[in-house]
Amino acid sequence: MSAAPSAPTPPAAGAADGVRFIDLDGAARARRRLVEVMTRLRGDGGRLMGLLLVRLHKLRDVRVTYGEAALRDLLDSVHQRLAAVAGRQDLMLRLAEDELVLVINGLRFEEQLLFALEKAERLLARSFAIAELAIKLDFTIGAAAAPDAEVSAGELLRRCEVALLHACSEGRRTSCFRDAADVRRHTSRLELVAELEEALYRNELQIVFQPKTALETGELAGVEALSRWESRKQGFVPPDVFIEVAEQSGLITDLTLWSIRQAGIHYHAWRQQGLTIPIAINLSPVALHHPELIPQLTNVTRIWGLPPEHITLEITETAAMTHPERNLAAFRRLVDMGFRLAMDDFGTGYSSMEYLKNFPLTELKIDKSFVQQMSRDINDRKIVRSMVDMARNFDLQVVAEGIEDQEIHELARNLGCRYAQGYFIARPMPADKLVEWARAGARCRQGR
Ligand code: C2E
Ligand code: CA
Ligand code: CA
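Caption draft 1: Representation of the environment of Ala129 within the structure. Relative to the helices and strands, Ala129 is located in strand S5 (residues 128-130). A residue is classified by how much of its surface remains accessible, and Ala129, at 65% relative accessible area, is exposed. It is 8.2 Å that separates the C-alpha atoms of Ala129 and Leu74, two residues lying 55 residues apart in sequence.

Caption draft 2: Local environment of the domain arrangement of the protein chain. Taken as a whole, the protein chain is organised into domain 1 (20-178) and domain 2 (193-441). Here the C-alpha centroids of domain 1 and domain 2 sit 44 Å apart.

Caption draft 3: View of the pattern of salt bridges. Following the criterion strictly, the structure yields 21 salt bridges and no others. A salt bridge links Arg63 to Glu97, with the shortest nitrogen-to-oxygen separation between them at 2.9 Å. Here the residue Arg63 occupies a position in helix H2 (residues 59-66), and Glu97 occupies one in the loop between strand S3 (91-96) and strand S4 (99-107), the gap between them amounting to 34 residues. Under the relative-accessibility criterion, Arg63 is labelled partly exposed at 29%.

Caption draft 4: Expanded view of the coordination of the calcium ion (ligand 2). For the calcium ion (ligand 2), the full set of protein donor atoms is Glu224 (OE), Asn282 (OD1), Glu314 (OE) and Asp344 (OD), and the range of their distances to it is 2.1 to 2.3 Å. Going along the chain, you hit the donors of the calcium ion (ligand 2) in the pattern E-x57-N-x31-E-x29-D. A spacing of 4.0 Å is found between the calcium ion (ligand 2) and the calcium ion (ligand 3), which share Asp344 as a donor. Placement of Glu224 in strand S10 (residues 220-231) and of Asn282 in strand S12 (residues 279-282) is noted, with a sequence separation of 58 residues between them.

Caption draft 5: Focus on the confidence of the model for the protein chain. With 93% of its residues at a pLDDT of at least 70, the protein chain reaches an overall mean of 89. Ranking the elements of the protein chain by mean pLDDT puts strand S1 (residues 20-23) last, at 67, and S12 first, at 98. Every residue in residues 1-16 scores below 50 in pLDDT, and together they form 27 contacts with partners more than four places removed in sequence or on other chains.

Caption draft 6: Seen up close, the coordination of the calcium ion (ligand 3). Protein coordination at the calcium ion (ligand 3) comes from Asp344 (OD), Asp345 (OD), Glu401 (OE) and Glu401 (OE), with a distance range of 2.2 to 2.7 Å. Between the donor residues of the calcium ion (ligand 3), the gaps in sequence give the motif D-D-x55-E. Residue Glu401 is classed as buried on the basis of its relative accessible area, which comes to 10%.

Caption draft 7: Structural detail: the packing of helix H5 (residues 153-169) against helix H6 (residues 180-201). Following both chains from N to C, one finds H5 and H6 inclined at 45°, their axes separated by 10 Å at the closest point. Accordingly, the angle class assigned to the pair H5 and H6 is oblique. As for how H5 packs across H6, the hand of that crossing is left-handed. Touching Arg158, Arg159, Val162, Leu165, His166 and Ser169 of H5 are Ala180, Val183, His186, Thr187 and Leu190, all from H6. Of the residues belonging to the contact of H5 with H6, the class tally is 5 nonpolar, 4 polar and 2 charged.

Caption draft 8: Inspection of the side chain of His409 at higher detail. Mapped onto the fold, His409 is located in helix H16 (residues 406-414). Once residues within four sequence positions are removed from consideration, His409 is found in contact with Leu215, Ile403, Phe424 and Ile425.

Caption draft 9: Inspection of the site of ligand 1 at higher detail. In the vicinity of ligand 1 there are 23 residues, among which Ser227, Arg228, Lys368, Glu404 and Tyr423 approach most closely. Between ligand 1 and the protein, one listed contact pairs an oxygen atom with a side-chain N or O atom of Ser227 at 2.4 Å. Every element with two or more residues in the shell around ligand 1 is listed here: S10, helix H7 (239-249), helix H8 (252-272), strand S14 (340-346) and helix H14 (368-372). A per-element tally of the shell around ligand 1 places S10 first, with 4 residues. By residue class, the composition of the shell around ligand 1 is 8 nonpolar, 7 polar and 8 charged.

Caption draft 10: Representation of the packing of aromatic side chains within the structure. Throughout the structure, instances matching the rule amount to 4 aromatic pairs. Residues Phe209 and Trp270 carry aromatic rings whose centres are separated by 4.8 Å and whose planes lie at 75° to one another, so their mutual orientation is edge-to-face. Here Trp270 lies in helix H8 and Phe209 lies in strand S9 (residues 206-214), a separation of 61 residues in the sequence. Residue classification places Trp270 among the buried positions, given a relative accessible area of 1%. Judged by centre distance (5.1 Å) and plane angle (85°), the rings of Phe331 and Phe359 are edge-to-face. With Phe331 in helix H12 (residues 324-336) and Phe359 in the loop between helix H13 (353-358) and strand S15 (363-366), the pair connects residues that are 28 residues apart, well separated along the chain. Pair check on accessibility: Phe331 and Phe359 agree, each one buried.

Caption draft 11: Highlighting the environment of Ser231. For Ser231, the location among the structural elements is in strand S10. Residues Ser231 and Ala199 lie 32 residues apart in sequence; the distance between their C-alpha atoms is 7.6 Å. When sequence neighbours within four positions are dropped, the list of residues in contact with Ser231 reads Glu195 and Val237. From its side chain, Ser231 meets the backbone nitrogen of Lys233 in a polar contact 3.1 Å long. In terms of polar contacts, Ser231 uses its side chain to reach the backbone amide nitrogen of Gln234, at 2.9 Å.

Caption draft 12: Representation of the side chain of Arg159 in the model. Relative to the elements of secondary structure, Arg159 occurs in helix H5. Given the relative accessible area of 8%, Arg159 is considered buried. With residues up to four places along the chain from it excluded, the contact list for Arg159 reads Ala144, Ala146, Val151, Phe177, Arg178, Asp179, Ala180 and Val183.

Caption draft 13: Seen up close, the pairing of S15. Residues Glu363 and Lys365 of S15 are buried on one face, and the alternating residues Leu364 and Ile366, pointing to the opposite face, are buried as well. Here S14 pairs with S15 via 3 bridges, running parallel. Directly across from Phe346, in S15, lies its bridge partner Ile366. In terms of strand pairing, S15 meets strand S16 (residues 397-400) through 4 bridges, oriented parallel. Each residue of the ladder has a partner; that of Leu364, found in S16, is Val398.

Conventions used here
- Residues numbered from 1 in each chain as written.
- Chains lettered and ligands numbered in written order.
- Predicted model: local features only at pLDDT ≥ 70, side-chain atom pairs only at ≥ 80, totals over all residues.
- Heavy atoms only, no water.
- Helix = DSSP H or I, 4+ residues; strand = E, 2+ residues; numbered from the N terminus.
- Buried < 20%, exposed > 50% of the residue type's maximum accessible area, 1.4 Å probe, protein only.
- Domains from an automatic or database assignment.
- Salt bridge = Lys/Arg side-chain N within 4 Å of Asp/Glu carboxyl O.
- Donors = N, O, S within 2.8 Å, 3.2 Å for Na, K, Ca; no water.
- pLDDT = per-residue confidence, 0-100.
- Contact = heavy atoms within 4.5 Å.
- Axes fitted to C-alpha atoms, helices over the stretch in contact; angles between N-to-C directions.
- Parallel < 35°, antiparallel > 145°, perpendicular 65-115°, else oblique.
- Left-handed = near helix turned anticlockwise from the far one by under 90°.
- Nonpolar A, V, L, I, M, F, W, Y, C, P; charged D, E, K, R; others polar.
- Near = heavy atom within 4 Å.
- Polar contact = N/O pair within 3.5 Å; in protein donor to acceptor, adjacent residues only side chain to side chain.
- Phe/Tyr/Trp six-rings, centres within 6.5 Å; stacked < 30°, edge-to-face > 60°.
- Pairing = 2+ DSSP bridges.

Here is the structure:
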């Protein structure tokens, strides 16, 4: 590669007679000029204008590690590769050192934008030969398109910026917005992330506990901690929704660490009221590998006197099987420390016997989708029976989830399940209600 110029240069040989390149400087000014340029370019017909906004990450690392000249070479190469995505009527502009825009003019179909986006992603994902090394670039691309006559240049740029933010917040490399509804949906998602972060910071989430009982005796065997969120702006947000938002935004680790603390606090409070209740906590795969997990668990056992054998960590089958090798090491570490491990939503993923054999599990929780239909569907009964047999062979406790009525309760018992969880036994409830519920005793629950 040629000697690095002091400022980014237009794409070199071959590309020079293709895309025109304008180097802008100063973020706000650059954005203003971009909108002016886009406005001038727009026609009044039914064509679409498309934008690709490319953000390059960790350029500072490249500069520090490989030096200024290598960084310049890298940026040149990025320009050249992006130029290959553009046509004669298109423009490439630099908004900042780490941000480039490709204005794709006169599109007839939205698919052309998707095509350009995929091509840009493919080209930038290939390694760059810089300073005799193969450097991988970390980047994100937001894309948006809109008809010339309908959406102003400023609004189109905003949509593209939201698309970029959306991709970043979900840990994805690209995101494409086609219309205003996309923007609304994702703006509210981004707002939800910001609100959830705030709620966690202000300690505004609640925790509820759902009992797990022994099927034979009705005795309380433990509880599962479940989070609840009443958002200030949006009201009750279903757990499935905010857990997914938390997982995609990385907030799940904070939420898990918070749940672990709550488990300790409530375990201690129950002990003071004469009750010893083991607690299960849901663990997302992100939290499983987070460096704070083990220190937090250790703190809780020390501060609140919650012994590790009274904490069961639940991980879904799908999550456990996604990176089984990597997970296995983390599981072993937790089990060596005395914690118990449950495989949650069992039956909904694809377990390999090889891993099941090696995972240091203590419990299998049969997913409620099999349990709920058992009284009507003979196949579900057969499936549950074989899961119970298999769990016994592996020496695991079996919990049937989603027990909603007496008939299913009986069936689960007859099929050999030892433990049960479900609305028929109890719905998730706040910590103080649980004390009343536990005191009401096993006898009155048995065979309700
Ligand atoms: P899960 O781990 O499978 O939790 C059991 C879910 O089944 C709970 O839903 C519970 O309320 C519901 N359930 C219990 N018994 C019955 C029943 O008889 N019938 C029916 N139809 N449902 C029943 P919830 O509380 O809405 O939580 C949904 C999921 O969100 C949980 O599924 C869990 O994966 C996740 N979740 C909830 N709280 C947390 C948390 O603090 N951290 C993490 N990582 N995940 C959480
Ligand atoms: Ca669970
Ligand atoms: Ca479950």
